[in-house]
Amino acid sequence: MLLKSLMTMMGLTTLAIPALASEDHYADILKRAYVSSSSISQETLDSFRVSEEAEPGAVKELCAKIGLRFKKFGWEEDPCGKLPWRATLRTVKNNPLLFITYGTGSDATLILSAVHPDELTPIPMGFRLAKHLSENPGLVSTDQQVIIAPLVNPDGFFAPNPTRTNARGVDTNRNFFTLDWYEKSMTWWKTLKMKKLSHFPGHFPNSEVETVFQVRLIDEFQPDKILSIHAPLGFIDYDGPGDQKPIHMNEAERQAKALAGAISQKSKNYRVVDYSFYPGSLGNFAGNERHIPTITLELSTTDAKKVDSYWNQFLPGLLQAISYPFKKTIERTNNTQKFYSDFNDKPRPKTDKT
């Protein structure tokens, strides 16, 4: 090597110098010294868009893939049906991010499922609810709107063994840009989760298209309440608004807790807990910081064979989340401002709420 040659010419010995790394090793060091990231930004968002012309074909192709995957788990083979699914963004694996809307009223409910596809039991729930609402249009009244995103993490679902993370190894329920993300997310991951890769929050907040997809749904539709379906903890988790203290609750907190109780009652008195907030989680981002009533329904197991029984148990609770007469009461603080994830297009205006 060059250094050894120079030392020899100068008459210096190299015996006391440890063996130097091979040239190949330098490339490995450099590779590990830099982070390669396709983070979403103003400059890169266009590469994740699905054009209006490509949307119908992309949705059809995705639904065919979903049907084949559902068949593997013994579920229905045509989960999408002939419903008017939308997809304006795609993942790094080129899978469209589906959503569907019902109604045009100002009382909006956002329902999310399959954020963590290794939690198998929630995956069919969003698709089944969409089909149920299509078959029973009277369930959504004229003053209501329902938005369903049934497969928030399709890349994780299509992995040989479904994964909690997306295709880039990020837990998108720890990737939201919450006020405590930079302060706490990495510390939480390294200490409480012992650097477990399935809980990696990403190198930056809002770096994943699946996270931005959820943020855009919140920005555009300004939901009065959000229900996210997970497993297998076996309870209803109240994610906010509120500081998790039962005293001195304001009107928004009282109404939101009543909503959780109403969902529980319709779901055979399923247990309600007030779990802690995680840095970068949906509950922290929407429930805690934006004061949007956010409920997590945790099914009891991830056993794919129990989907039918869970559907029968929780359909009344899902419908209760939609029909519950809740009107948002938000304090005007900096935390409740919209988070515009789309730098080019502003969300469509929405009727003011009382």
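Structure: above.
Here the structure is a predicted model, which is why all the values come from computation and not from measurement.

Two side chains with opposite charge may pair up if their charged atoms get near one another. Following the criterion strictly, the structure yields nine salt bridges and no others. Here Glu119 and Arg164 are joined by a salt bridge, their closest N and O atoms 3.7 Å apart. Of this pair, Glu119 sits in the loop between strand E2 (107–113) and helix H4 (123–135) while Arg164 sits in the loop between helix H5 (154–157) and helix H6 (181–191); the two residues are 45 residues apart in sequence, bridging distant segments of the chain. A salt bridge links Asp308 to Arg128; the shortest N-O distance between them is 2.9 Å. With Asp308 in helix H10 (residues 307–323) and Arg128 in helix H4, this residue pair connects regions lying 180 residues apart in the sequence.

Quick look at the state of the cysteines now. By definition, a disulfide is the covalent link that joins the sulfur atoms of two cysteine residues. In this structure the tally under the stated criterion is one disulfide. Disulfide pairing is shown between Cys63 and Cys80; the S-S distance is 2.2 Å. Between Cys63 and Cys80 the disulfide shows an S-S torsion of about -85°. By sign, it is left-handed. On the criterion of sequence distance, the pair formed by Cys63 in helix H3 (residues 55–72) and Cys80 in the loop between H3 and strand E1 (100–102) is long-range, its members being 17 residues apart.

So, about a nonpolar patch on the surface. A cluster of nonpolar residues, Phe177, Tyr182 and Phe204, forms a patch on the protein surface that exposes about 320 Å² of accessible area. Tracing the chain through its elements places Phe177 in the loop between H5 and H6. The partly exposed category is assigned to Phe177, whose relative accessible area is 34%.

A word on the environment of Asn94. Residue placement: Asn94 occurs in the loop between H3 and E1. On the accessibility criterion, Asn94 (52% relative accessible area) is exposed. Separated by 3.4 Å, the side chains of Asn94 and Arg90 make a polar contact.

Take unusual backbone geometry next. The residue after Ala231, namely Pro232, is reached through a cis peptide bond having omega 10°. If you trace the backbone, Pro232 turns up in the loop between strand E4 (225–230) and strand E5 (235–238). Residues other than glycine seldom take positive phi values, yet Asn94 does so here, at roughly 70°. Here His291, not a glycine, exhibits a phi torsion of approximately 60°, which is positive.

Calculation criteria
- Residues numbered from 1 in each chain as written.
- Predicted model: local features only at pLDDT ≥ 70, side-chain atom pairs only at ≥ 80, totals over all residues.
- Heavy atoms only, no water.
- Salt bridge = Lys/Arg side-chain N within 4 Å of Asp/Glu carboxyl O.
- Helix = DSSP H or I, 4+ residues; strand = E, 2+ residues; numbered from the N terminus.
- Disulfide = S-S within 2.5 Å.
- Patch = residues over 30% accessible without salt bridge, like charges linked within 9 Å, V, L, I, M, F, W, Y side chains within 5 Å.
- Areas by Shrake-Rupley, 256 points an atom, 1.4 Å probe, with all protein chains shown as cover.
- Buried < 20%, exposed > 50% of the residue type's maximum accessible area, 1.4 Å probe, protein only.
- Polar contact = N/O pair within 3.5 Å; in protein donor to acceptor, adjacent residues only side chain to side chain.

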